[in-house]
Amino acid sequence: MADLPNCPICTMPEPLLADDGYECGTCGHEWLGDADNGLGNIRDANGNLLTDGDAVTVIKDLKTDGKAGGVKSGTKIKSIRLVSGDHEIEAKVDGRQLLVKAEFVKKA
Ligand SMILES: [Zn+2]
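Residues numbered from 1 in each chain as written. Predicted model: local features only at pLDDT ≥ 70, side-chain atom pairs only at ≥ 80, totals over all residues. Heavy atoms only, no water.

**Q** Before we go on, may I ask you to explain the coordination of the zinc ion in this structure?
**A** Angles between donor atoms at a metal ideally measure 109.5 degrees for a four-coordinate tetrahedral arrangement and either 90 or 180 degrees for a six-coordinate octahedral one. Only Cys 7 (SG), Cys 10 (SG), Cys 24 (SG) and Cys 27 (SG) from the protein reach the zinc ion as donors, at distances of 2.2 to 2.3 Å. On the primary sequence, the residues serving as donors to the zinc ion are separated as C-x2-C-x13-C-x2-C. The exposure class assigned to Cys 7 is buried, which follows from its relative accessible area of 1%. On the accessibility criterion, Cys 10 (24% relative accessible area) is partly exposed. (Donors = N, O, S within 2.8 Å, 3.2 Å for Na, K, Ca; no water. Buried < 20%, exposed > 50% of the residue type's maximum accessible area, 1.4 Å probe, protein only.)

Okay, structure coming up:
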């Protein structure tokens, strides 16, 4: 059995298995199972587990594809969304939707 994800709300490990996902035995939060798409195991530059809604700080100047400007090191992102793929974090910076690699951020 693969590692179970931590509860995205209270971060307690080892959730209960529900019909189509997980249920936290501590706070009662239920969420859809995503153990197979890798979203439960995305870590920042320091190895901290990231979850939807986390606030992070960019630690490297990032270029954005085909557009002027980019994201500067030190930029704070208030609420990330995890997606599957090469760039694991979807974020809004200055009203722009961006994809950022998890290795270039740290949890705020
Ligand atoms: Zn919980």
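**Q** Please clarify how the sheet that holds strand S7 (residues 76-77) should be interpreted in this entry.
**A** Picture the strands of a sheet paired through backbone hydrogen bonds; they go either parallel or antiparallel. Pairing in this open sheet of three strands is antiparallel, and the strands run S7-S4-S11 from one edge to the other. Either end of the sheet is taken by a strand with one partner, and the two such strands are S7 and strand S11 (105-107). Examined bridge by bridge, strand S4 (residues 56-58) and S11 share three bridges and lie antiparallel to one another. Its bridge partner lying in S11, Val 56 is registered against Lys 107. (Pairing = 2+ DSSP bridges. Helix = DSSP H or I, 4+ residues; strand = E, 2+ residues; numbered from the N terminus.)

**Q** Please clarify how the packing of aromatic side chains should be interpreted in this entry.
**A** We describe a pair of aromatic rings using the distance from one ring centre to the other and the angle between the two ring planes. Under the definition given, this model contains one aromatic pair. Ring centres of Tyr 22 and Trp 31 lie 5.6 Å apart, and the angle between their planes is 40°; this geometry places the pair in the tilted category. For Tyr 22, a relative accessible area of 6% puts it in the buried group. Between Lys 60 and the ring centre of Phe 104, over which it is positioned, the NZ or CZ distance is 4.9 Å. (Phe/Tyr/Trp six-rings, centres within 6.5 Å; stacked < 30°, edge-to-face > 60°. Lys NZ or Arg CZ within 6 Å of the ring centre and 35° of its normal.)

**Q** I keep staring at the pattern of salt bridges and nothing clicks. Help me out?
**A** As a working rule, side chains carrying opposite charge can pair if their charged atoms are close by. Counted according to the given criterion, the structure contains three salt bridges. The residue Lys 107 makes a salt bridge to Asp 54 at a minimum N-O spacing of 3.4 Å. Linking Lys 107 in strand S11 with Asp 54 in the loop between strand S3 (30-32) and S4, this pair joins segments that are 53 residues apart in sequence. The partner of Asp 86 in a salt bridge is Lys 101, with the nearest N and O atoms 3.6 Å apart. Of this pair, Asp 86 sits in the loop between strand S8 (81-82) and strand S9 (89-93) while Lys 101 sits in the loop between strand S10 (96-100) and S11, placing them 15 residues apart in sequence. Judged by its relative accessible area of 22%, Lys 101 is partly exposed. (Salt bridge = Lys/Arg side-chain N within 4 Å of Asp/Glu carboxyl O.)

**Q** I would appreciate a short explanation of the environment of Ser 84 in the present structure.
**A** Relative to the helices and strands, Ser 84 resides in the loop between S8 and S9. For Ser 84, a relative accessible area of 54% translates into the label exposed. For the pair Ser 84 and Ile 42, spaced 42 residues apart in sequence, the C-alpha to C-alpha distance is 9.6 Å.

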